[in-house]
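In case you want the letters, here they are:
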Amino acid sequence: MLEAIAFYGLAALILGFGVMVITARSAVHSVVFLVLNFLAVAVVYVVLGAEFLAVIQVLVYAGGIVVLYLFVVMLVNQKRTPEAHHDPHRKTGLGIMLASAVLAEVTAIVVYTASAPSASPIPVSSPVVGGNTEQVGWLLYTDYLIAFEVASMLLLAAMVGAILFARRMD
Amino acid sequence: MHLYPITAYHYLVLAAALFALGATGVMLRRNIIILFMSIELMLNAVNLNLVAFSRLNGHVVGQVFALFIVAVAAAEAVVGLGILLAFYRNKETLNIDEVNLLRG
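Please read all numbers here as calculations on a predicted model, not as lab measurements. (Residues numbered from 1 in each chain as written. Chains lettered and ligands numbered in written order. Predicted model: local features only at pLDDT ≥ 70, side-chain atom pairs only at ≥ 80, totals over all residues. Heavy atoms only, no water.)

Q: Got a minute to help me understand the overall build of chain B in this structure?
A: For chain B, the helix and strand inventory stands at 3 helices and 0 strands. Counting from the amino terminus, chain B carries its helices and strands in the arrangement α-α-α. By the compact-globule yardstick of 13 Å for 104 residues, chain B is too spread out, its C-alpha radius of gyration being 17 Å. For chain B, the spread of C-alpha atoms along the three principal axes comes to 55 × 25 × 20 Å. For chain B, with 104 residues in total, the buried portion stands at 62%. Sequence-distant contacts, at least 24 apart, represent 51% of the contacts inside chain B between residues at least 6 apart. The distance from the centre of the 6 positive side-chain charges to the centre of the 5 negative ones in chain B is 4 Å. (Helix = DSSP H or I, 4+ residues; strand = E, 2+ residues; numbered from the N terminus. Rg over C-alpha atoms; globule rule 2.2 N^0.38 Å. Buried < 20%, exposed > 50% of the residue type's maximum accessible area, 1.4 Å probe, protein only. Contact = heavy atoms within 4.5 Å. Lys, Arg positive; Asp, Glu negative; His and termini not counted. Charge placed at Lys NZ, Arg CZ, Asp CG, Glu CD.)

Okay, here's the thing in structure tokens:
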């Protein structure tokens, strides 16, 4: 019962903040709603038993990426809002059609899975030795060591690329 | 599917709705920054799916995969925002419709 209350409350928060992100007029408001959305998703991770990922979500997303977005929003001084410009070539109808196609596809998948024989409730995970963090760390440094190293190289490349892009080209 | 008790399907439906929201944002907004944020929403939906499956299978591999997605999302945001700043310096706009430097 407790999980149901938590789930529906959090789902309402996540979807509500998600709608606010894509409908907010000012980009700063969007960023703020994005932080709240990420925090609600982190709480869902805790409910699902992924505590380490929840901490990473708060640190990396809500703490790092969103601050980056905020910096960029503050850096670009918007004299005229992008929404004010009207491009005659813009196909809004096609955009709405594609968005509703995605929506219909997702709805079809949901209906299909819902009509399947009802799934058993999530099994209570057997008590394992060590916490969630230990398990994730163990996997990360044994089975997925190469992927881990590749990810670190990716971050290094992204850092170099970002510095290169942001530098003023003279 | 019933409203109660909560199964993994409930989390999948939530993630699907979040993904659809992100897709809608990408297709309907013109501000590039808000487009990037919609992409982050979609990446979050995928992570939610992975964590729900990880709970369903009782194994943490899904969470490890989600961790990698977070890393890739960070790299994507950094490079994307760098490109955005360089573009803004050239054209003084953030409208996605005016990004047509490479149009033939």
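Q: Which parts of the structure should I look at to understand the interface of chain B and chain A?
A: One frequently used descriptor of interface size is the decrease in accessible area upon assembly of the parts. Each partner contributes residues to the interface: chain B has 73 residues there, and chain A has 85 residues. The junction of chain B with chain A conceals about 7,400 Å² of combined surface from both sides, 72% of it contributed by carbon and sulfur atoms. Broken down residue by residue, the surface that chain B buries against chain A is led by R30, M37 and R55 of chain B, which jointly contribute 10%. For the interface between chain B and chain A, the tally reads 0 salt bridges. The interface formed by chain B and chain A holds 8 residue pairs in polar contact (both at pLDDT 80 or more) in total. If one sorts the elements of the side of chain B that touches chain A by residue count, helix α3 (residues 61-91) of chain B sits on top with 23 residues. For the side of chain B that touches chain A, the per-class residue count stands at 51 nonpolar, 13 polar and 9 charged. (Buried area = accessible area lost by both parts, 1.4 Å probe. Salt bridge = Lys/Arg side-chain N within 4 Å of Asp/Glu carboxyl O. Polar contact = N/O pair within 3.5 Å; in protein donor to acceptor, adjacent residues only side chain to side chain. Nonpolar A, V, L, I, M, F, W, Y, C, P; charged D, E, K, R; others polar.)

Q: What am I meant to see in the packing of helix α1 (residues 2-23) of chain A against helix α2 (residues 32-57) of chain B here?
A: Geometrically, a packed helix pair is captured by the angle between its two axes and the distance between the axes. Packing of α1 of chain A against α2 of chain B brings their axes to within 10 Å, and their N-to-C directions diverge by 160 degrees. Here α2 of chain B runs roughly antiparallel to α1 of chain A, going by the angle between their axes. In this structure, α1 of chain A crosses over α2 of chain B, and the sense of that crossing is left-handed. The residues of α2 of chain B that touch α1 of chain A, namely those facing E3, G18, V21 and I22 of chain A, are I34, M37, S38, L41 and R55 of chain B. When its residues are assigned to classes, the contact of α1 of chain A with α2 of chain B shows 5 nonpolar, 2 polar and 2 charged. (Axes fitted to C-alpha atoms, helices over the stretch in contact; angles between N-to-C directions. Parallel < 35°, antiparallel > 145°, perpendicular 65-115°, else oblique. Left-handed = near helix turned anticlockwise from the far one by under 90°.)

Q: Teacher, can you tell me more about the packing of aromatic side chains here?
A: The description of an aromatic ring pair rests on the distance of the ring centres and on the angle between the ring planes. For the coordinates displayed, the defined rule picks out 5 aromatic pairs over all chains. Relative to Y11 of chain B, the ring of F7 of chain A lies with its centre 4.8 Å away and its plane at 75 degrees, an arrangement referred to as edge-to-face. Highlighted residues: F7 of chain A in helix α1 and Y11 of chain B in helix α1 (residues 8-28), drawn from two different chains. One exposure class covers both F7 of chain A and Y11 of chain B, and it is buried. With centroids separated by 4.5 Å and ring planes inclined at 45 degrees, the aromatic side chains of F38 of chain A and Y61 of chain A adopt a geometry described as tilted. Of this pair, F38 of chain A sits in helix α2 (residues 27-47) while Y61 of chain A sits in helix α3 (residues 51-75), and the two are 23 residues apart along the sequence. On the basis of relative accessibility, which here comes to 0%, the residue F38 of chain A falls in the buried class. Residue class for Y61 of chain A comes out buried when judged on its relative accessible area of 0%. Taken together, F7 and Y8 of chain A together with Y11 of chain B form an aromatic cluster joined through their ring pairs. (Phe/Tyr/Trp six-rings, centres within 6.5 Å; stacked < 30°, edge-to-face > 60°.)

Functional significance is not addressed by these values, which are geometric in nature.
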